Amino acid sequence: MTSLAQHFTGLRCPPLSTSRLSNRPSLLSSPKPRKLPFVVSAVAISNAQTKERQKLKQLLEEAYERCRTAPMEGVAFTLDDFHSALDKYDFNSEIGTTVKGTVFMTDANGALVDITAKSSAYLLVQEACIHKIKHVEEAGIVPGLTEEFVIIGENEADDSLVLSLRAIQYDLAWERCSQLQAEDVIVKGKVVGANKGGVVALVEGLRGFVPFSQLSSKSTAEELLDKELPLKFVDVDEEQSRLVLSNRKAMADSQAQLGIGSVVIGTVQSLKPYGAFIDIGGINGLLHVSQISHDRVSDIATVLQPGDILKVMILSHDRERGRVSLSTKKLEPTPGDMIRNPKLVFEKAEEMAQTFRQRIAQAEAMARADMLRFQPESGLSLSSDGILGPLTSDMPAEGLDLSYVPTAED
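Just so you know, these numbers come straight off a predicted model, no measurement behind them.

Calculation notes
Residues numbered from 1 in each chain as written. Predicted model: local features only at pLDDT ≥ 70, side-chain atom pairs only at ≥ 80, totals over all residues. Heavy atoms only, no water. Helix = DSSP H or I, 4+ residues; strand = E, 2+ residues; numbered from the N terminus. Buried < 20%, exposed > 50% of the residue type's maximum accessible area, 1.4 Å probe, protein only. Contact = heavy atoms within 4.5 Å. Areas by Shrake-Rupley, 256 points an atom, 1.4 Å probe, with all protein chains shown as cover. Phe/Tyr/Trp six-rings, centres within 6.5 Å; stacked < 30°, edge-to-face > 60°. Salt bridge = Lys/Arg side-chain N within 4 Å of Asp/Glu carboxyl O. Core = buried A, V, L, I, M, F, W, Y, C linked by side-chain atoms within 4.5 Å. Pairing = 2+ DSSP bridges. Axes fitted to C-alpha atoms, helices over the stretch in contact; angles between N-to-C directions.

Brief notes about the overall build of the protein
Point 1. Along its length, the protein carries ten helices and 18 strands.
Point 2. Within the span of the protein, comprising 410 residues, buried residues form 29% of the whole.
Point 3. The contacts in the protein between residues at least 6 apart in sequence include a share of 54% that link residues at least 24 apart.
Point 4. Accessible surface for the protein amounts to roughly 28,000 Å². Of this, 54% is attributable to carbon and sulfur atoms.

Looking at the environment of I186
Point 1. With respect to the element layout, I186 can be found in the loop between α5 (166-183) and β6 (187-194).
Point 2. Classification of I186 by relative accessible area gives partly exposed; the value is 34%.
Point 3. Here the alpha-carbon distance between I186 and L229, two residues 43 residues apart in the chain, equals 9.9 Å.

Describing the packing of aromatic side chains
Point 1. All chains considered together, the criterion is met by two aromatic pairs.
Point 2. For the pair Y170 and W174, a centre-to-centre distance of 6.2 Å together with 75° between the ring planes defines the contact as edge-to-face. Here Y170 and its partner W174 are both found in helix α5, four residues apart, which amounts to about one turn of the helix.
Point 3. Under the relative-accessibility criterion, Y170 is labelled partly exposed at 29%.
Point 4. On the basis of relative accessibility, which here comes to 3%, the residue W174 falls in the buried class.
Point 5. An angle of 90° between the planes, with centres 6.3 Å apart, marks the rings of Y274 and F277 as edge-to-face.

Observations regarding the side chain of S160
Point 1. Here S160 lies in strand β5 (residues 160-164).
Point 2. Not counting chain neighbours up to four residues away, the residues in contact with S160 comprise S119, S120, E154 and N155.

A look at the pattern of salt bridges
Point 1. Per the stated rule, a full pass over the model turns up seven salt bridges.
Point 2. We note a salt bridge from D235 to R242, for which the minimum N-O separation is 2.7 Å.
Point 3. Classification of D235 by relative accessible area gives partly exposed; the value is 24%.
Point 4. In this structure, the salt-bridge partner of D295 is R340, at a minimum N-O distance of 3.1 Å. Here D295, found in the loop between β13 (283-288) and β14 (309-318), pairs with R340, found in helix α8 (residues 337-340); they are 45 residues apart in sequence, far enough to count as distant.

Describing the nonpolar core
Point 1. Residues I278, I280, L304 and L326 are the most contacted members of the largest nonpolar core, which totals 26 residues.
Point 2. Where this core is concerned, the elements lending two or more residues are β11 (263-272), β12 (275-280), β13, β14, β15 (323-327) and α10 (349-373).
Point 3. Here L304 is in contact with L271, A276, L287, I292, L310 and M338, once residues within four sequence places are set aside.

Things to note about the sheet that holds β5
Point 1. What the five strands build is a closed barrel, ordered β1-β2-β3-β5-β4; its pairing is mixed. Strand after strand, the sheet turns through a mean of 55° between neighbouring axes, direction not considered.
Point 2. Two strands pair when backbone bridges link them, and strand β4 (residues 146-155) and β5 are joined in this way by five bridges, in the antiparallel orientation. Among the inter-strand pairings, V150 is bridged to a residue of β5, identified as S164.
Point 3. Taken strand by strand, α5 contacts β4 and β5, and its axis lies near 115° from that of β4.

A closer look at unusual backbone geometry
Point 1. Here the phi dihedral of D184 falls at roughly 55°; this positive angle occurs in a residue that is not glycine.
Point 2. As for its placement among the helices and strands, D184 is situated in the loop between α5 and β6.
Point 3. At D226, a position not held by glycine, the phi torsion is positive, near 70°.
Point 4. On the secondary structure map, D226 appears in the loop between α6 (221-224) and β9 (228-237).
Point 5. The exposed category is assigned to D226, whose relative accessible area is 54%.

Some points on the sheet that holds β14
Point 1. Read around the closed barrel, five strands run β11-β12-β13-β15-β14, paired in mixed fashion. Taken over all neighbouring pairs, the strand axes of this sheet differ in orientation by 50° on average, direction set aside.
Point 2. Here five bridges tie β11 to β14, and the two strands are oriented antiparallel to one another. Paired with I265 across the bridge in β14 is K311.

Any functional reading would require information beyond the geometric quantities listed.
Okay, structure coming up:
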């Protein structure tokens, strides 16, 4: 023990501090977690993000500098190529320009049309057809339809273009009317309005004016409303938007084509005690009660009614007075068929009219032959067999047979 004490005699220990002893943790209490490693990790992540951001910033600055100094470096599509592409696909969007487009959607107000522009174009329903329609599909405007349109305006709200088909059809209608005037043909026009000078008729989609002086009928404008009239063109002037028509000229030409014995289809307009007025293509003819049937007709209403459609034959035509006499009596296969079987008269009308025309032609030929019988200077003579023969050797020896008379169709 003495040696051990001598061994430690030279050692000196610093005095124990009370504060240090109080701050040391107790050996029996659980040690608190150390935070130092976590602090180091957070600092490491923060440094990595900072480096990444600095690297990204440097890349952006370099890209900006390249765009400022050499924007087309490394780009295969040059600026000239871009301008040429614009020239290739761009088109003139001025008002009045005709463009080709494809309908890709329709709605209650019109249709959307792709005209290969930066924005789609719109076709209003009132611009889809020259005629009045309620939906564009009534004019055949459906998705997938490719058509030529004309630009008539621009919608300032979205810079879209406003298209029209009506404008194109309007120009075509004027060309058609000019052609019909040159051909001097008769057209049908529906009366849609009136004023103090005449009536307004719709022809080829255009509104034409028919003066009262050019109407052959004495009907009032109200009575002619919604009716179709035969018309001929008097003046067609697209520049002045003037279209003048004549019903009188059309009626005169129609009446000139009515031959005695012709069969036409007519509509019963009105009944009178003395007969029925029949509309035959805009011409009013009289079917007298005595010409309805071979049997006596005491009451016309028992045979005909207004609105009935029937076939009648032209008996006479007074062009100066504008009167046409008609007959169904001559078309009866057997007397009384118009009363008992009018359908049979309708079916056999052409056949009976042909027989009637042949009888008339034979009667006229016999009348001419009778005149020649008493005119030896004519060089012809009529035998007892009804053969008109020559007095000279220039005619056939058997003479000219008048027993066969060609039909009107021949």
